[in-house]
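Read off the chains here:
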Amino acid sequence: MPISEKEYNGNLLDQLTLLERIEIEAEKDNAQNVLRLIAFEKRAVERKLYQKPPISSSDDN
């Protein structure tokens, strides 16, 4: 069942929040490999969240 764009964006924002929490702990331990992976994952989520054009414009019929 498809979800609305608002729900999808909420899920992506939740993912960013989780990554930021993990990032705080990785910085405490200076875990460079983990920090690089977190940066990669954040970029992937942000590409989906801020895509052009937004999802809703492609769904309009």
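Residues numbered from 1 in each chain as written. Predicted model: local features only at pLDDT ≥ 70, side-chain atom pairs only at ≥ 80, totals over all residues. Heavy atoms only, no water.

S.K.: Explain unusual backbone geometry here, please?
M.R.: Peptide bonds are mostly trans, and most non-glycine residues show a negative phi. Positive phi, close to 55°, is recorded for Asn30, a residue that is not glycine. With respect to the helices and strands, the residue Asn30 is situated in the loop between helix H1 (5-28) and helix H2 (32-49). (Helix = DSSP H or I, 4+ residues; strand = E, 2+ residues; numbered from the N terminus.)

S.K.: What should I look at first to understand the nonpolar core in this one?
M.R.: The nonpolar side chains of soluble globular proteins are, as a tendency, buried together. Judged by nonpolar contacts, Leu12, Leu16, Leu19, Ala26, Leu35, Ile38, Val45 and Leu49 together constitute the single largest core of eight residues. When sequence neighbours within four positions are dropped, the list of residues in contact with Leu19 reads Ile38, Glu41, Lys42 and Val45. (Core = buried A, V, L, I, M, F, W, Y, C linked by side-chain atoms within 4.5 Å. Buried < 20%, exposed > 50% of the residue type's maximum accessible area, 1.4 Å probe, protein only. Contact = heavy atoms within 4.5 Å.)

S.K.: Just to check I follow, could you spell out a nonpolar patch on the surface for this structure?
M.R.: On the surface, Leu18, Ile22 and Val34 cluster together into a nonpolar patch covering about 240 Å² of accessible area. By secondary structure assignment, the location of Val34 is in helix H2. For Val34, a relative accessible area of 37% translates into the label partly exposed. (Patch = residues over 30% accessible without salt bridge, like charges linked within 9 Å, V, L, I, M, F, W, Y side chains within 5 Å. Areas by Shrake-Rupley, 256 points an atom, 1.4 Å probe, with all protein chains shown as cover. Salt bridge = Lys/Arg side-chain N within 4 Å of Asp/Glu carboxyl O.)

S.K.: Got a minute to help me understand the pattern of salt bridges in this structure?
M.R.: Here the idea is simple: oppositely charged side chains can pair when their charged atoms come close. According to the stated counting rule, one finds two salt bridges in the structure shown. Among the ionic pairs, Lys42 bridges to Glu23, the shortest N-O distance being 3.0 Å. One end of the pair, Lys42, is in helix H2; the other, Glu23, is in helix H1, with 19 residues separating them in the sequence. Judged by relative accessible area, which is 16%, Lys42 ranks as buried. One salt bridge in this structure joins Lys28 and Glu25, with 3.1 Å as the shortest N-O distance. A residue pair is termed a helical-turn pair when its members lie 3 or 4 positions apart in one helix, as Lys28 and Glu25 do in helix H1 at three residues. With relative accessibility at 61%, the residue Lys28 sits in the exposed group. Its relative accessible area of 44% is what places Glu25 among the partly exposed residues.

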